[in-house]
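Chain by chain, the residues run as shown.
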Amino acid sequence: MKPELWRTIKEEIYIWRVSTLPGIAVIGLVMIARLTGLMQSLEWLAFDNFLRLRPDEPRDEQIVIVGINEDDISTCTDFSLSEHDLAQLLLKLQTYKPRVIGLDIYQDLPVNPGHTELVTVFQSFKNLIGTERVLPDEIVSPPALSTEQAGFADQIIDSDGKLRCSLLSTPTSKGYKSSLSLSLAAVYLGHHGISIENGIRDHAAIRFGKTEIPRFFANYGGYIRTDAGGVQVLLNFRSGREKFRTLSLYDLKSDKFNPDWIRDRIVIIGITSPSCKDLITTSAIESIEPAPERVYRVEIQAHAVSQIISAVLNSRPLLNTWQDGWEYIWILAWGLVGIAIARLTQSPLISLLVVGVASCSLLVFCYLLLTWGWWVPLIPTLVVLTLNGMKITALYQYDQALRSGIRAREALIERIFAKIHNGPLQSLAKVLKLFRDKDLPMNDLLPELEKELEKLNHELRGIYEFLQREPIDEETSLYLGKNLVLNLRDPLHEILYQVYNSTLEREFPCFKTIKVKIRAFEPLNERALNIEEKQGLCLFLEEALCNVGKHATGVTRLEVTCSSSEGWYTLSIIDDGLGVNSSREGWGTQQFRNLARQLKGKFRRVPLSLKGTLCELSWPIVKKSSYF
């Protein structure tokens, strides 16, 4: 494997490790919060609002509500509709041949006049179903009704006081009892030849033909450890402004209705008077006026019946949820999406935009799933998506800032060393050479040493000036000494010319013998070069020229060019001096090779056939793309 590829892979592994571990921690904390029920209320709120936002459905013509309103009731405690009037109402309804009639009014005590007449009606018609209460205090149905003609109207309310489930059956001291809604649906579907049976996938569930009603459990959808007693089902409320046809007693008495509205229908009689407070709280459908988030109990019965018969006869979806394992895989998947967004964008603004788009997509997808009958976790997925998408981006920014600081520090160290290498170290090398060669007599050697040491002292002090200047604009400037500061935003050929002139002005011994100087810096297309690479090219030219000045003994000709040819740029330094033959690579050569790798190019320093040295750096006009 190539070193560059392996290095890139290691960097990717490091970056993913930086983001994945905190991201997994966030996912774990959100899952724990969900398991403890901290997100239950928010899930219920989202569920209710999704149900309210669904498109309007057509009115369910299979159900008719006969509402006893304010005009029919003087007070809630003084029910003006006597049992004689109720008997007459039931007899009149029977003339229009309804499929089944549900009486959502408690009739446990006789209300004269007309008690005997009402009992006779109860005994005469088997398509009448009365109402009783089984939880917590019992209110029995009228004695004239058989056990099959009684259904309870009890509901189990959530901890926030709102209704979201329908109780279909429950064990009592007198055995299992069915709800009014289930009894009405069973009679109605029985005329279609569809009987009530136990479920196939869930034996404790209720089934009509091929339609199995999904049973509610303690951990179901957004519910955590809730009361799942009896057989309950999530209420898939019918949407729209006019969900069911509603007639008043006055409409029936004055014959202001079409008899076909009642024939072969389910008729439910109940209270539709706000003063009686026969109301149930729910946010899933439009409430009555002036009672916010409340609907009549008889309407809830109509929704519960409609849900069953519409699912069986019209394939209207019932509300299902995934198993717990799949729900937590769903949360995990969206948490990983957040991590991936942060990794691929690594920009707060772009991350915010992408997270916003992903969150909207998640909302729309969850909404569509609910319209198709599936309630999936929304709030936990939104939380992990948002937190991981934005929080991990912040971690990336911090990591990048930290790594950038480290790179800037390393670059500063490199520049400082380059400054020391091309200045004080060169003077020190010349002092050592004077000592070792001993070519001069002592009287001439001492002044020469003093001169070089003074120069060394000056260059060492120049390091301090360099350190003072460098941080001012270290990203776009390069300080070469002798108060020369290069603006790296200038065209490269101009910068190289300044480096060339500045370096040749230095007092290196071999520069003194040069007779011919040829230089040509061609304007380059710099779009593929960044500031760091331009800086590297300047330092390369400076170091190569310094090597000529120090080591090219007897040099008389120097040729420096920067030109393009056959898709490559080439910066070359050619001299005709003796040079230095050594197999050991110095610091400068190592830096040149690193620069060549950075530019996706190549470096070479070779002796020429007769005498002299070629030092050359080439890079493609369009740099080759990296592996990732």
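Structure's up top.
These numbers were taken from a predicted model, which means no experiment stands behind them.

Rules used throughout
Residues numbered from 1 in each chain as written. Predicted model: local features only at pLDDT ≥ 70, side-chain atom pairs only at ≥ 80, totals over all residues. Heavy atoms only, no water. Salt bridge = Lys/Arg side-chain N within 4 Å of Asp/Glu carboxyl O. Helix = DSSP H or I, 4+ residues; strand = E, 2+ residues; numbered from the N terminus. Buried < 20%, exposed > 50% of the residue type's maximum accessible area, 1.4 Å probe, protein only. Pairing = 2+ DSSP bridges. Axes fitted to C-alpha atoms, helices over the stretch in contact; angles between N-to-C directions. Contact = heavy atoms within 4.5 Å. Arc of directions from axis to C-beta. Phe/Tyr/Trp six-rings, centres within 6.5 Å; stacked < 30°, edge-to-face > 60°. Lys NZ or Arg CZ within 6 Å of the ring centre and 35° of its normal.

**Q** So what about the pattern of salt bridges? Which residues, and what values?
**A** A full pass over the atoms with the stated rule returns 22 salt bridges. Linking E57 and R316 is a salt bridge whose minimum nitrogen-to-oxygen distance equals 2.8 Å. On the criterion of sequence distance, the pair formed by E57 in the loop between α2 (40-53) and β1 (63-68) and R316 in the loop between α7 (297-314) and β15 (320-321) is long-range, its members being 259 residues apart. According to the relative accessible area criterion, E57 is partly exposed, its value standing at 23%. The salt bridge involving R604 is made with E616; its shortest N-O contact spans 2.9 Å. Highlighted residues: R604 in strand β22 (residues 602-607) and E616 in strand β23 (residues 613-620), separated in sequence by 12 residues. Among the residues examined, R604 registers a relative accessible area of 41% and is labelled partly exposed. Note on E616: relative accessible area 15%, which makes it buried.

**Q** Describe the sheet that holds β23, listing the residues and the values that go with them.
**A** Remark on secondary structure: sheet strands pair via backbone hydrogen bonds, oriented parallel or antiparallel. The 5 strands are arranged β19-β20-β21-β23-β22 in an open sheet whose pairing can be described as mixed. Unpaired on one side and paired on the other, β19 (516-521) and β22 mark the two borders of the sheet. With direction set aside, neighbouring strand axes in the sheet form an average angle of 10 degrees. As paired elements, β19 and strand β20 (residues 557-565) share 6 bridges and run parallel to each other. Within β20, the residue paired with I518 across the bridge is E559. Relative to β19, helix α13 (residues 492-504) is tilted by about 160 degrees, and along the sheet it contacts β19, β20 and β21 (568-575). Here helix α14 (residues 531-551) sits on the sheet and contacts β19, β20, β21, β22 and β23; the angle it forms with β21, its principal contact strand, is near 20 degrees.

**Q** Describe in detail helix α4 (residues 115-124), supporting the description with residues and values.
**A** Those residues of α4 that sit buried are L118, V121 and F122. Summarising the axial view, the buried residues of α4 lie within an arc of 100 degrees, below the 170-degree limit, and thus occupy one face. Each element contacted by the buried residues of α4 is listed here: α3 (83-95), β2 (100-106) and β3 (128-132).

**Q** Which residues make up the packing of aromatic side chains, and what values go with them?
**A** In total, this model carries 17 aromatic pairs according to the counting rule given. A ring pair is formed by F50 and Y367, whose centres lie 5.7 Å apart and whose planes are at 70 degrees; its orientation type is edge-to-face. In this pair, F50 is assigned in helix α2 and Y367 in helix α9 (residues 348-371), connecting sequence segments 317 residues apart. Of the two residues, F50 and Y367, neither departs from the other in class, the shared state being buried. Their ring planes at 75 degrees and their centres at 5.6 Å tell us that F508 and F511 sit as a pair that is edge-to-face. F511 matches F508 in its accessibility class, with the two residues each being buried. An aromatic cluster is built from W44, F47, F216, F217, Y220, Y223 and W375, whose rings are joined through pairwise contacts. Stacked on the ring of Y188, the Lys or Arg R99 has its end atom at 4.7 Å from the ring centre.

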